[in-house]
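Overview (structure and organization)
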Amino acid sequence: MAPAAAVPGAGGAAGDGETRRLAREVARVLDDCRASLAVHPRKIRELGAIRSSSSAGGRFLPAFCTALTPLFEPLRRSAAADRVARFTAAFASASAAGGGDGDGFFEGFLRFLLVASASAHRPARLRSCQIISEIIMRLPDDAEVSDEVWDEVIDDMKIRVQDKIPGIRAFAVRALSRFASDGEENDIVDLFVETLEKEQNTEVRKAIILSLPPSNGTLETVIGSTLDVSESVRRAAYSMLSTKFPLQSLSIKQRTSLLYRGLSDRSASVNSECLKMLKDEWLMKYCGGDVITLLRFLDVETYEAVGETVMVVLLKDGSVRVQDGQTIRQYFIANTEGEEQVSNIQLMDAEVALYWKLMCKHLQAEAQVKGSEAATTTGTEAAVYASEASDKNDLLDSVLPNTVTDYVDLVKAHLSAGPNYHFASRQLLLLGEMLDFSDTMNRKVASSFIHELLTMPFEHEVDENENQIAIGDGVSLGGDREWAKAVAELAKRVHASTGEFEMVVANVVEELSQPCRERTADFMHWMHCLAVTGLLLENSSSLRSLQGKAIEPSKLLQSLLLPAAKQNHVDVQRVALRCLGLFGLLENRPNTELVKQLRISFINGPDLVSAMACKALIDLVTWHGPQEIDQAIGIELSDATYETSQFTTVDISNMNDDDLNIGVLDILFSGFLKDDWEFTTEGDNHDNAPTILGEGFAKILLLSENYAKISADLHPVILTRLVSLYFIEETKELGRLKQCLSVFFQHYPALSDKYKRCVSSAFVPVMRAMWPGLYGNVGGSAHVVSKRRKYAVQAARFMVQMVQTPLFSTETTEQASTSPESRPTSPDMSNHFDISEEGLAIRIAVEVANCPDKKTAAGKAYCLALCKVVVLLRFRQSEQKAIKCMRGLVNALAASDKDLVKELTPMASRLRSLDENPEEKLPQDEADEIFKKLGLDDGFRLDTNSVVPPTPAPRSVRPAPSRRRARRDPSSSDSDTDGQQDILHATSVSQFAATPAVTGARSQRESKTAAMSKMSAKPPVDSDGESGEQSNVTTDEDSSDE
């Protein structure tokens, strides 16, 4: 080994003999250490004794390095070699402990390892980095090593971090980890962070995460690694956060994000590591076992879902239990004033209210589980389960308030405390589901409380102009959807009899609607009345359940909902349209006036109103079907209408009134074309028209089998708009839309062959719609054009991935696991090329061939981009007709535009290798059949006269030598190595009938070589068909002349 030569010897024959003797002794000790780690401590002492006996003359270091040199030779790692490496590191670290490196062995050995780490031999670099990292990790703090040596080690390991071998990079990172914690070595931390961003190997990323020191600069990096694709890296990140980053050093958002990711991770090991961090570190160490304190660190009012998840996990784990003396009753403080006892109520914090709600639910669930187990078993086991269920119920009863009256007083006290206790009030409302309302008196008290909740007006503020502004979303009871759900759940629990809930709420609606019908109500009262109406409709199964109640469905529609939708106030219109949508879902057939009002509001209303009307129309379309909605307003569409291939778009921005001759889908699709929608991107704003339209039409495509009367030709049109919507600049801030479409695109092509065909058909329209400067699209500045082209290319590659997505079936999954070219030939497979990559490739090639503006800069860039995408598609060998058709298209494109030759060369080579009969051309009628099946009406004529001859060299008439006749035809490997030559040769073969005597007399490969040589020597010359036919081949003389 070269590294051993770098260690100086003692000199002289006697010295060399002594060195060899010491090397043999050291080798014997190293050999003994291969078997087990248990002998290492004893062997360290033995080797230390050998070193002490040979300290004079400094012969030990050369002998040690010589004996260790064979460890750097093996190409494969083994357990025995790893034990020797660990022993070596342990011995070197022990020799430097306590300043025991008087003979310079430690520093000399480190320099020896540094030489080996720079070796060109991979095993030598790997083993040396391993030993260096072990030494640094084992080295005691009192070791005396010169700064010069450490600088050399640090510089060398920085270089090794960039090594091409992942194992070497991991050991180098481990070696630098001890220096990274030093405040003076910030460049090491920067190197780690930079390397982590581009590192592909899992083990190296894991080593970097475990090596990062705790600091504000590395915190975000570690948190980001909890989203790593590797399970081990995510687990390492949570381990780092658990041990090195205190709970107080994290922000509330960071804490909640970590818990949300970790507790919902698909990996059980990551779940357990996150739970360990939550339970052992955060709960026990930093919160002293108090779960309420932990919940305060999580801000449960803002991150309620995370707080609930944490409580549920801890309750299932058994880490949280009801302590002795803990009960909700302790919040009732009894004060005696004279002869009257007054009960004062202590208000709960948000964390306490959430804690008791989840604790009571947990106790109730456990009691039900134990009761079910007792019912399904017999004997002693059943008695045990019944006893446990009884204990849980008793504990639950001791925790809950004594009476329903006390519970109502508790909730009222929090309601009257103001908006700061709104969250706690809602948690206490949900707590009412555990109470018993079977007693008449309890039900009467609770019913009165429910009536107060339903009639409680909207909270509002008054601005500087004395205008009232409702607090909340403006459409739900109490301005909060979660509050409305809590009130509804409590009302259903209290009024559990059939039809009783509808009767009670209908009475409230009738009471509140009286001022509205008399036109004496202000807009706040209108909103409150409609919010209660929405609560009623949302929790009713059908309009039949409202028959015979205080307000009939027809009266509700005519006297309240339709007049409210025509009010001037925008907020009243929004909540009215929501109620109209809910009302339409409960109808068997949509009401004519209801549909007309929704259409008018969508067309003429303000943007917030249009968005709500759009949501209602989408819901009705997906529930009843578009034809039912159109028939409700008198549009009777014929069968021919349903075969249309385009939507009838209108400019809804300039429409003054509704056109009843235009279908609902056409009206909704026209909403995509309106470019002046107003919406805010602050917070989770989902009520904007682009998001609602995108989500709605995505549902229509996914459920297209339920809408048989929607023309299948419209599906690619819809998909084209959705893909464009996903990639355009204007919608990048709409997070809800992006998330919805991302999930849709992931599943849509994998569900059905029809959906995959739709993706293939929509590819070209997507590119035409997104490419700037073509097909009527505006251009712009160079920067704008460049950005729009980038988005178009991203969309193209994205759709290629969609076409390549395997179907959700066992057979297709098995086929996807193999290479497309290696799949077995099946007679039926050739009939389905239009849904696979072959069909998409032909569509793209025809689009390039028929592009009308090839001479412009936009057209050239468009064709070049499509050619770069088409080479990503793969062909199956069973699709011989599609392969020949694509070969003809590729060769024609290459011959017509030299700029495309470089991009199409790889595909031409692959196609030729897949073609079972490369010399046979595809008849034009069969090519037309392929184009017709793909819906390419224009097609492309594979005419031999339309191809530019591949070479201007005239054919030689000299007879070929007879020895050339026995040579084989070129194999697929020839085409793989020829690249550009194959395109031109394939063109001549597929388009011209070559002379049999000439083609059999000489090698085709030599013909291609000669032709390409002539092309590189001078530009091609146009010739007629006869000269082109003759230039297909050249003689040996031509080849030799070249």
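In the annotation of an unreviewed UniProt entry, the protein is listed under the name Nuclear condensin complex subunit 3 C-terminal domain-containing protein and assigned to Zizania palustris. In its Subcellular location (unreviewed entry) section, the UniProt entry covering the protein states "Chromosome".

1. Remarks on the packing of aromatic side chains
Counting across every chain of the model gives 27 aromatic pairs. With a centroid separation of 5.9 Å and an interplanar angle of 25°, the aromatic rings of Tyr 726 and Phe 798 are classed as stacked. Within this pair, whereas Tyr 726 is found in helix α33 (residues 714–727), its partner Phe 798 is found in helix α36 (residues 782–804), the two being separated by 72 residues in sequence. Geometrically, the ring pair formed by Trp 771 and Tyr 862 is edge-to-face, given 5.6 Å between the ring centres and 65° between the ring planes. Of this pair, Trp 771 sits in the loop between α35 (753–770) and α36 while Tyr 862 sits in helix α39 (residues 857–870), and the two are 91 residues apart along the sequence. Of the two residues, Trp 771 and Tyr 862, neither departs from the other in class, the shared state being buried. Members of the aromatic cluster, joined through ring pairs, are Phe 60, Phe 64, Phe 72, Phe 91, Phe 105, Phe 109 and Phe 112.

2. Here's the deal with a nonpolar patch on the surface
A contiguous nonpolar patch, built from Leu 702, Leu 703, Leu 751 and Phe 808 and spanning about 370 Å² of accessible area, is present on the exposed surface. Examined against the element boundaries, Leu 702 turns out to sit in helix α32 (residues 689–702).

3. Description of the confidence of the model for the protein
In this model, the protein carries an average pLDDT of 82, and 82% of its residues clear a pLDDT of 70 or more. Confidence, read as mean pLDDT per element, is least for helix α45 (residues 996–1001) in the protein (35) and greatest for helix α14 (residues 252–263) (95). Considering only residues more than four positions removed or in separate chains, one finds that residues 810–830, a stretch of pLDDT under 50, has 24 contacts.

4. Things to note about the pattern of salt bridges
By the definition in use, this model includes 41 salt bridges. Residue Arg 578 is joined to Glu 538 by a salt bridge in which the shortest nitrogen-to-oxygen separation is 3.0 Å. Highlighted residues: Arg 578 in helix α27 (residues 570–586) and Glu 538 in helix α25 (residues 523–538), separated in sequence by 40 residues. Here Glu 695 makes a salt bridge to Arg 736, at a shortest N to O gap of 3.2 Å. You can see Glu 695 sitting in helix α32 and its partner Arg 736 sitting in helix α34 (residues 735–751), a full 41 residues away along the chain. For Arg 736, a relative accessible area of 33% puts it in the partly exposed group. Taken together, the shared-partner salt bridges connect Arg 28, Asp 32, Lys 43 and Glu 46 into one network.

5. Some points on the layout of surface pockets
The volume enclosed by the largest pocket comes to roughly 1,300 Å³. Lining the largest pocket are 48 residues, and of these Asp 713, Pro 716, Val 717, Ser 761 and Pro 765 lie nearest its centre. Within the residue set of the lining of the largest pocket, elements represented by two or more residues are α33, α35 and α38 (837–849). Looking at which element gives the most residues to the lining of the largest pocket, the answer is α35, with 10 residues. Each residue belonging to the lining of the largest pocket can be placed in one class, and the counts come to 21 nonpolar, 14 polar and 13 charged.

6. Looking at empty space enclosed by the protein
Under the criterion given, the structure shown has 5 cavities of 30 Å³ or more. Of the voids in this model, the second largest cavity is the one considered here, and its volume is about 60 Å³. Counted by class, the lining of the second largest cavity contains 6 nonpolar, no polar and 4 charged residues.

7. Some points on the nonpolar core
Of all hydrophobic cores here, the largest spans 309 residues; its most connected members are Phe 109, Phe 697, Phe 763, Ile 842 and Met 886. Sorting elements by how many residues they give to this core places α25 first, with 11 residues. Not counting residues within four places of it along the chain, the set of residues in contact with Phe 763 comprises Ala 796, Met 799, Val 800, Leu 840, Ile 844, Leu 866 and Val 869.

What counts as what
Residues numbered from 1 in each chain as written. Predicted model: local features only at pLDDT ≥ 70, side-chain atom pairs only at ≥ 80, totals over all residues. Heavy atoms only, no water. UniProt positions renumbered as here; feature names shortened; annotations may be inferred. Phe/Tyr/Trp six-rings, centres within 6.5 Å; stacked < 30°, edge-to-face > 60°. Helix = DSSP H or I, 4+ residues; strand = E, 2+ residues; numbered from the N terminus. Buried < 20%, exposed > 50% of the residue type's maximum accessible area, 1.4 Å probe, protein only. Patch = residues over 30% accessible without salt bridge, like charges linked within 9 Å, V, L, I, M, F, W, Y side chains within 5 Å. Areas by Shrake-Rupley, 256 points an atom, 1.4 Å probe, with all protein chains shown as cover. Salt bridge = Lys/Arg side-chain N within 4 Å of Asp/Glu carboxyl O. pLDDT = per-residue confidence, 0-100. Contact = heavy atoms within 4.5 Å. 1 Å grid on protein atoms, 1.4 Å probe; cavity = no way out; pocket = protein on both sides within 12 Å on 5 of 7 lines; lining within 4 Å. Points joined across faces, edges and corners; volume = space filled by probe spheres on them. Nonpolar A, V, L, I, M, F, W, Y, C, P; charged D, E, K, R; others polar. Core = buried A, V, L, I, M, F, W, Y, C linked by side-chain atoms within 4.5 Å.

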